[in-house]
Amino acid sequence: MSQPAPEGLNAQVLAWSEADLGVEGRVLDVVRAPATVLSTVGGAVDPTSPESVQLAADLVATMRVSPGCVGLAAPQVGVGAQMFCVDVSEHPKTRDHHGTFVLCNAEVVSSSRNEKAREGCMSVPDLTGDVKRASRLVVRGQLPGSGEEVELSANAFEARCLQHEIDHCQGLLFVDRVAGAHAIYARQTYL
């Protein structure tokens, strides 16, 4: 019998693993701004299609080999699709989290408690910026492979990461969310 999920976390998302996809992920090149795909709204995907399943595995594989990476969206590997992976479990700012997961066609259902914090992005490697985002979030999306619809609650760093990746799927970069040029900085540390 499986353990119940910690309060507030979605058991289906916690239990998901890239092994569920049944395909080997390939490491893809990460696209950098100003590539057009990064400023284009991604298309909805069929989470059960073989192409979507392969893309999900590729996103996770690429995220895993990228130092400091806590999320990666399909547009960042040159694919205009609404899909991303997240894993904030090793990040020092993480409170609770859902481990590694991929969501397709994700949308924010509700959000609250805006906070400003510094963000960076593999597609904008030389800059960081102060971005105001909700620190509590409910997101709905579909799991790749099964196509199962899930709704998850996230807070703190995981909530910030989810919003960052959903923005990628909507053709937005963190630099589109900063208050102005005064909130953009040259990256000090390269991971």
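Colleague: Would you explain unusual backbone geometry in this entry?
Modeller: Trans is the prevailing form of peptide bonds, just as negative phi is the prevailing case for residues other than glycine. A33 connects to P34 through a cis peptide bond whose omega is 15°. Checked against the element boundaries, P34 lands in the loop between helix 1 (11-15) and helix 2 (50-64). The phi dihedral of N105 is positive, around 55°, even though this residue is not glycine. Following the sequence through the fold, N105 ends up in strand 3 (residues 101-121). One non-glycine residue, R113, adopts positive backbone phi at about 60°. Structurally, R113 can be placed in strand 3. On the basis of relative accessibility, which here comes to 46%, the residue R113 falls in the partly exposed class.

Colleague: Explain the pattern of salt bridges here, please?
Modeller: It is possible for side chains bearing opposite charge to pair when their charged atoms get close. Considering all chains together, one arrives at 11 salt bridges under this definition. The salt bridge involving R160 is made with E119; its shortest N-O contact spans 2.7 Å. One end of the pair, R160, is in helix 3 (residues 156-169); the other, E119, is in strand 3, and 41 residues separate them in sequence. When its relative accessible area of 5% is taken as the criterion, E119 is described as buried.

Colleague: What am I meant to see in the nonpolar core here?
Modeller: Nonpolar side chains tend toward joint burial in soluble globular proteins. Counting 40 residues, the largest nonpolar core has M83, F84, F101, L103 and L162 as the members making the most contacts within it. Looking at this core, the elements that each hand over two or more residues are helix 2, strand 1 (71-73), strand 2 (83-86), strand 3, strand 4 (124-142), strand 5 (149-155) and helix 3. Take this core: its biggest share by element is 7 residues, from helix 2. Among residues more than four places away in sequence, those in contact with L103 are Q82, M83, F84, V139, G141, Q142, L143, V150, L152 and L162. Listed in part, the 10 residues of the second largest apolar core include L38, L173, V178 and A183.

Colleague: Please clarify how the pairing of strand 2 should be interpreted in this entry.
Modeller: Every regular strand shows the same layout, with side chains that alternate between the two sheet faces. Across the two faces of strand 2 the burial is the same, with M83 and C85 and F84 and V86 all buried. Direction of pairing for strand 1 relative to strand 2: antiparallel, over a ladder of 3 bridges. Paired with A73 across the strands is F84, a residue of strand 2. Across 4 bridges, the pairing between strand 2 and strand 3 is antiparallel. Bridge assignment links F84 to a residue of strand 3, and that residue is L103.

Criteria and thresholds
- Residues numbered from 1 in each chain as written.
- Predicted model: local features only at pLDDT ≥ 70, side-chain atom pairs only at ≥ 80, totals over all residues.
- Heavy atoms only, no water.
- Helix = DSSP H or I, 4+ residues; strand = E, 2+ residues; numbered from the N terminus.
- Buried < 20%, exposed > 50% of the residue type's maximum accessible area, 1.4 Å probe, protein only.
- Salt bridge = Lys/Arg side-chain N within 4 Å of Asp/Glu carboxyl O.
- Core = buried A, V, L, I, M, F, W, Y, C linked by side-chain atoms within 4.5 Å.
- Contact = heavy atoms within 4.5 Å.
- Pairing = 2+ DSSP bridges.

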